[in-house]
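Below are the chains, spelled out letter by letter.
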Amino acid sequence: MTDNQNFLENFTCPITLEIMKDPVVDQQGISYERKAIEDWLDKGNSISPISRKPLKKEQLTSNLALKNMIEDWLKKNPDVDLEKLKKILSKSLLGKTLR
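In this text, all values refer to a predicted model and were calculated from it rather than measured experimentally. (Residues numbered from 1 in each chain as written. Predicted model: local features only at pLDDT ≥ 70, side-chain atom pairs only at ≥ 80, totals over all residues. Heavy atoms only, no water.)

J.: Even after reading the chapter, I still don't get the overall build of the protein, so can you show me in this structure?
T.: Summing up its helical and strand segments, the protein has four helices and three strands in all. Listing every helix and strand of the protein by position from the N terminus yields α-β-β-α-β-α-α. Each of the 99 residues in the protein was classed as buried or not, and the buried ones make up 32%. Long-range pairs, those at least 24 residues apart, make up 45% of the contacts in the protein with a sequence separation of at least 6. For the protein, the exposed surface amounts to about 6,600 Å²; the carbon and sulfur share of it is 52%. (Helix = DSSP H or I, 4+ residues; strand = E, 2+ residues; numbered from the N terminus. Buried < 20%, exposed > 50% of the residue type's maximum accessible area, 1.4 Å probe, protein only. Contact = heavy atoms within 4.5 Å. Areas by Shrake-Rupley, 256 points an atom, 1.4 Å probe, with all protein chains shown as cover.)

Structure follows, in structure tokens:
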């Protein structure tokens, strides 16, 4: 895995395995794509899919620092093939969750 791939894992939602556009953070410091975690909670789930601790929508806050980092990285790397990168990251992150 390249340094870019390691770095970009932090930009990836643990639910969608895609680079986040509107990241939010929970009280444990875990970031998610807003729509993904809100959909998760709207389906009747009341725990974090990662930490398994209780979680409510009201506890989510915008992660503006992460959003700005993602946007800056994307501006500085306009030639990155995001679809190819998505496939690589998905395999890498899925492998980590299965270990």
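On we go.
J.: Looking at this model, I keep getting lost on the pattern of salt bridges. Mind explaining?
T.: Proximity of charged atoms lets side chains of opposite charge pair with each other. If you walk through the whole model with that rule in mind, you get four salt bridges. R34 is paired through a salt bridge with D22; the nearest N and O atoms lie 2.8 Å apart. On the criterion of sequence distance, the pair formed by R34 in helix α2 (residues 34-42) and D22 in the loop between α1 (3-9) and β1 (23-25) is long-range, its members being 12 residues apart. The class for D22 is partly exposed, based on a relative accessible area of 26%. Note that R34 and E38 form a salt bridge whose closest N and O atoms lie 3.9 Å from each other. Of this pair, R34 and E38 both sit in helix α2, four residues apart, roughly one helical turn. (Salt bridge = Lys/Arg side-chain N within 4 Å of Asp/Glu carboxyl O.)

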